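Observations on chain architecture
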Amino acid sequence: METIHQNVSLAFRYPVYFTEGVFEPDNPVLASTISSAEEGGPHKLLFVLDRGICDRRPGLVQQIEAYCAAHPNLELARPPLIVPGGEGVKNTPQYVNVVLEAISEFGLCRHSYVVVAGGGAVLDMAGYAASTAHRGVRLIRIPTTVLSQNDSGIGVKNFLGVFAPPHAVINDFAFLSTLVDRDWRSGIAEAVKVALIKDASFFEFLEEHAHGLATRESTPMRRLIHRCAELHLHHIASGGDPFEAGSARPLDFGHWSAHKLEQMTRFRLRHGEAVAIGMALDATYSCLSGMLPEADWRRILALLEDVGFELYVPELGGPLSRSEPESLLHGLTEFREHLGGRLSITLLEGIGRGVEAHEMEDELIRDSIAELASAATQARRRAV
Ligand SMILES: NC(=O)c1ccc[n+]([C@@H]2O[C@H](COP(=O)([O-])OP(=O)(O)OC[C@H]3O[C@@H](n4cnc5c(N)ncnc54)[C@H](O)[C@@H]3O)[C@@H](O)[C@H]2O)c1
Ligand SMILES: [Zn+2]
C-alpha cells in the first residue's frame with residue numbers, strides 16, 4: 001500500500017505585553033487577554049505564585065483576589081498556590097504534582113488558564129505542569145525577574161523539557177523594584193548576549209547605559225528588556241527552527257560553559273552570572289583564535305565588568321579534560337549530546353556578528369581561561 005505523508009502546519013500567535021501594575025483594579029491587560037480569546041465565560045484561573053514575590057509584596061494575594069472579583073469573566077479556581085522560588089522548585093517533581101493535582105481537583109479544562117507569576121524557575125515548573133495536563137491547559141506567564149522578562153519567560157520552550165507556546169506573556173515592570181541586586185543584574189547578561197550575536201547598536205546602547213543599569217535606573221532597564229525580548233522573539237519566529245530540531249543554537253552563545261558552571265558551582269551562580277562568564281570565555285577564545293579583533297574583545301569584557309559581573313570563579317581553574325565529568329570541558333560533550341548530532345558553538349567575529357563553529361581546541365580554551373584569570377586580577381586591582 002502507498003505511504004500516506006501527513007503534513008500539518010500550525011501557526012502560533014501570542015502577545016507579549018509590557019505594563020506596570022498588572023493587578024491594579026483598572027489595569028485591563030489580564031482581563032482583556034482572557035476575554036478576547038473567546039466569547040462566554042467566566043474562565044477558571046489557577047494562579048501559581050513565586051514565594052519570592054509574595055514575601056516582598058504583602059497583600060499580593062488579596063490584590064489578585066480583588067482583581068478577579070472585579071472582573072466577571074475571571075473565576076478563581078482556588079486561592080493562589082504559592083511555591084518556593086529559584087532552582088529548587090524545578091529539581092523535584094513535588095511542585096509539578098501540586099499544580100497537576102490542583103488542575104484536576106478544581107476542574108480546570110483546556111479552556112481554563114494557569115496564570116503563573118515568578119522567576120524563570122517557577123515559570124518553567126508551572127508551564128511544564130500546564131502543558132502536560134489535559135494535553136495543554138492555557139498558560140499566561142507573568143515573569144517577575146529581568147532574565148525571565150527578556151529571555152526565559154517569553155519563548156516557546158521550557159527547561160523542564162517541553163516546547164509549549166504560552167497563551168500570553170505579561171511583563172510587569174513594577175515587579176523589578178523588589179529584586180535583589182544579583183537578580184537585577186543577572187538578566188542583563190542575556191541582553192549582552194543577543195547584542196553580541198545580532199545587534200551592534202544595541203551593544204552600544206548597553207555600553208552607554210552601563211552605569212545606569214548597574215545602579216538600577218529603570219528607564220534604560222525597560223528599554224533593555226523590550227529590545228532584548230524583541231530580538232529573542234524575532235529569532236524564534238524567523239530563525240527557521242523554533243522548536244530546535246537542528247543543532248545550530250545562536251541564542252546559546254556562552255551557554256555551553258555556563259550550563260556546566262551552574263552545575264559545577266551547585267547553582268551558587270545564577271543563570272545570568274554563569275552566562276556572563278561563559279560569554280567572556282567564548283569572546284576570549286574568539287579573539288585568541290584570530291576571529292575577533294582585540295579592541296572588540298576589550299569592549300566586551302569592559303561592558304560585562306561595568307555592569308558588575310565577576311568574570312572568573314575558582315571552578316574555572318579545575319582539571320581540564322573532556323572525559324572527566326567534573327571538568328568544564330565536559331560541558332562541550334554535554335552540550336553536543338543536548339543538541340544532538342554535531343557540536344555547534346556560536347563564536348564571534350565582531351560585535352553584533354556571531355558565527356557558528358563546530359569544534360573548539362582544548363589548548364585555546366586553557367589559554368582563554370588563563371586570560372580571564374589575569375583580567376580578573378587586574379579588575380580587582382583597579383577596584384582597590
Ligand atoms: N525556559 C527557558 O527557555 C529558559 C531559559 C533560560 C533560563 N531558564 C531558567 O530560568 C531560571 C532562572 O530564572 P531567573 O533568573 O528568573 O531566576 P529564578 O527563577 O531562580 O529566581 C531567582 C530568585 O528571585 C526571586 N524573585 C522572583 N521575582 C522576584 C521579584 N520580583 N522580587 C524579588 N524576588 C523575586 C525568586 O523567588 C528566586 O529566589 C533557571 O531555572 C533557568 O534554567 C529557562
Ligand atoms: Zn540563558
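Our subject is the structure that appears above.
Residues numbered from 1 in each chain as written. Chains lettered and ligands numbered in written order. Predicted model: local features only at pLDDT ≥ 70, side-chain atom pairs only at ≥ 80, totals over all residues. Heavy atoms only, no water.

Some points on the overall build of the protein
Of regular secondary structure, the protein possesses 16 helices and eleven strands. In terms of C-alpha radius of gyration, the protein reaches 22 Å, essentially the compact-globule figure of 21 Å for 384 residues. Based on the C-alpha atoms only, the size of the protein along its principal axes is roughly 70 × 60 × 35 Å. For the protein, the proportion of its 384 residues judged to be buried stands at 51%. Here the protein has roughly 17,200 Å² of accessible surface; of this, 51% comes from carbon and sulfur atoms. Measuring between centres, the 35 positive side-chain charges of the protein sit 2 Å from its 49 negative side-chain charges. (Helix = DSSP H or I, 4+ residues; strand = E, 2+ residues; numbered from the N terminus. Rg over C-alpha atoms; globule rule 2.2 N^0.38 Å. Buried < 20%, exposed > 50% of the residue type's maximum accessible area, 1.4 Å probe, protein only. Areas by Shrake-Rupley, 256 points an atom, 1.4 Å probe, with all protein chains shown as cover. Lys, Arg positive; Asp, Glu negative; His and termini not counted. Charge placed at Lys NZ, Arg CZ, Asp CG, Glu CD.)

Focus on the coordination of the zinc ion (ligand 2)
The protein atoms that coordinate the zinc ion (ligand 2) are Glu190 (OE), His255 (NE2) and His271 (NE2), at distances spanning 2.0 to 2.1 Å. In primary sequence terms, the donor set of the zinc ion (ligand 2) follows E-x64-H-x15-H. Of this pair, glutamate 190 sits in helix 8 (residues 188-198) while histidine 271 sits in helix 13 (residues 271-288); the two residues are 81 residues apart in sequence, bridging distant segments of the chain. Residues glutamate 190 and histidine 271 agree in their burial class; the two are buried. (Donors = N, O, S within 2.8 Å, 3.2 Å for Na, K, Ca; no water.)

As for the site of ligand 1
Within the structure, ligand 1 sits among 25 residues, and Asp50, Glu87, Thr144, Thr145 and Thr178 are positioned closest to it. A distance of 2.6 Å separates an oxygen atom of ligand 1 from a polar atom in the side chain of aspartate 50. Within the contact set of ligand 1, a nitrogen atom lies 2.9 Å away from a backbone nitrogen or oxygen of phenylalanine 175. In the complex, the protein chains occlude 91% of the 870 Å² of accessible area that ligand 1 would expose alone. Those elements that provide at least two residues to the shell around ligand 1 are helix 2 (51-56), helix 5 (120-132), helix 6 (146-152) and strand 7 (157-158). In terms of residue class, the shell around ligand 1 is built from six nonpolar, eleven polar and eight charged. (Near = heavy atom within 4 Å. Polar contact = N/O pair within 3.5 Å; in protein donor to acceptor, adjacent residues only side chain to side chain. Nonpolar A, V, L, I, M, F, W, Y, C, P; charged D, E, K, R; others polar.)

So, helix 14 (residues 294-307)
Between its first and last C-alpha atoms helix 14 spans 20 Å; for 14 residues at 1.5 Å apiece the expected length is 20 Å, and the two agree. When helix 14 is considered as a whole, its buried residues turn out to be Asp296, Trp297, Ile300, Leu301, Leu303, Leu304 and Val307. In a view along the axis of helix 14, the buried residues occupy a sector of 155 degrees, so they form one face of it. Opposite the buried face of helix 14, by more than 90 degrees, sit the exposed residues Ala295 and Asp306. (Expected span 1.5 Å × (residues − 1). Arc of directions from axis to C-beta.)

Some words on the packing of aromatic side chains
What characterises a pair of aromatic rings is the spacing of the ring centres plus the angle enclosed by the ring planes. All chains considered together, the criterion is met by four aromatic pairs. Ring centres 5.9 Å apart and planes at 65 degrees place the aromatic pair phenylalanine 23 and phenylalanine 47 in the edge-to-face group. Taken together, the positions of phenylalanine 23 in the loop between strand 1 (16-19) and helix 1 (29-35) and phenylalanine 47 in strand 2 (residues 43-50) put the pair 24 residues apart, joining distant regions of the chain. Residue phenylalanine 23 shares its accessibility class with phenylalanine 47, and that shared class is buried. An angle of 75 degrees between the planes, with centres 6.3 Å apart, marks the rings of phenylalanine 23 and tyrosine 67 as edge-to-face. (Phe/Tyr/Trp six-rings, centres within 6.5 Å; stacked < 30°, edge-to-face > 60°.)

As for the nonpolar core
If you look at the biggest cluster of nonpolar residues, it comprises 70 residues, and the most contacted ones within it are Phe202, Leu206 and Leu224. Take this core: its biggest share by element is ten residues, from helix 13. Residue contacts for leucine 206: discarding those within four places in its chain leaves Ala191, Val192, Ala195, Leu213, Leu224 and Leu303. In this structure, Leu46, Ala77, Val116 and Ala129 belong to the second largest nonpolar core, which totals 24 residues. (Core = buried A, V, L, I, M, F, W, Y, C linked by side-chain atoms within 4.5 Å. Contact = heavy atoms within 4.5 Å.)

A closer look at unusual backbone geometry
One can expect most non-glycine residues to show negative phi and most peptide bonds to be in trans. Its identity as a non-glycine residue notwithstanding, arginine 216 has a phi of 65 degrees, on the positive side. Residue placement: arginine 216 occurs in the loop between helix 10 (210-214) and helix 11 (218-238). Overall, arginine 216 belongs to the partly exposed group, its relative accessible area being 24%. Despite not being glycine, phenylalanine 267 shows a phi value in the positive range, around 65 degrees. Looking at the secondary structure, you find phenylalanine 267 in the loop between helix 12 (255-264) and helix 13. In this structure phenylalanine 267 comes out as partly exposed when scored by relative accessible area, which is 37%.

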